[in-house]
Amino acid sequence: MVPSDEITFEQIRERAYDIWERNHRPKGFEIEFWLLAERELKAERDRRREGEHETAEDQSPPDAPC
């Protein structure tokens, strides 16, 4: 089973296809759209990780005074 934060080949393929369609299906841009899809998915994953990290910090009890 793939960890939830790992980006799969299928996710990249689907995103690249969506980008290709949004750009009116041009020929010869397969690599560019693939790399853009990969970058977008990584950025989304990193934002999600940061949000989870901030949420965990918000839920932790405040430090006791010394």
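It should be noted that the structure appears before, not after, this text.
Residues numbered from 1 in each chain as written. Predicted model: local features only at pLDDT ≥ 70, side-chain atom pairs only at ≥ 80, totals over all residues. Heavy atoms only, no water.

Draft legend 1. A look at the overall build of the chain. The helix and strand inventory of the chain stands at two helices and zero strands. When burial is assessed residue by residue, the chain has 14% of its 66 residues classed as buried. In the chain, 45% of the contacts between residues at least 6 apart in sequence involve partners at least 24 apart. Entry remark: accessible area of the chain is about 5,800 Å², with carbon and sulfur atoms responsible for 53%. (Helix = DSSP H or I, 4+ residues; strand = E, 2+ residues; numbered from the N terminus. Buried < 20%, exposed > 50% of the residue type's maximum accessible area, 1.4 Å probe, protein only. Contact = heavy atoms within 4.5 Å. Areas by Shrake-Rupley, 256 points an atom, 1.4 Å probe, with all protein chains shown as cover.)

Draft legend 2. The arrangement of the nonpolar core in detail. Listed in full, the six residues of the largest apolar core are I12, A16, I19, F33, A37 and L41. Elements that contribute at least two residues to this core include exactly α1 (9–22) and α2 (30–59). Beyond its immediate stretch of four places on either side in the chain, A37 contacts I12, R15, A16 and I19. (Core = buried A, V, L, I, M, F, W, Y, C linked by side-chain atoms within 4.5 Å.)

Draft legend 3. Expanded view of the side chain of R45. By the element assignment, R45 lies in helix α2. The contacts of R45, once residues within four sequence positions are left out, are D5 and I7.

Draft legend 4. Broad picture of unusual backbone geometry. In the Ramachandran plot, H24 falls in the positive-phi region, its phi being about 65° despite a non-glycine side chain. Residue position: H24 is located in the loop between α1 and α2. On the accessibility criterion, H24 (72% relative accessible area) is exposed. Positive phi is not limited to glycine here, since R25 has a value of about 55°. Inspection of the secondary structure assignment puts R25 in the loop between α1 and α2.

Draft legend 5. Inspection of the pattern of salt bridges at higher detail. Applying the stated criterion across every chain, the model contains six salt bridges. A salt bridge links E10 to R13; the shortest N-O distance between them is 2.6 Å. Of this pair, E10 and R13 both sit in helix α1, separated by three residues, roughly a single helical turn. Residue E10 is classed as partly exposed on the basis of its relative accessible area of 35%. With a shortest N-O distance of 3.0 Å, E44 and R15 are connected by a salt bridge. Here E44 is found in helix α2, whereas its partner R15 is found in helix α1, with 29 residues between them in sequence. One connected set of salt bridges, linked through shared partners, spans R15, E40 and E44. (Salt bridge = Lys/Arg side-chain N within 4 Å of Asp/Glu carboxyl O.)

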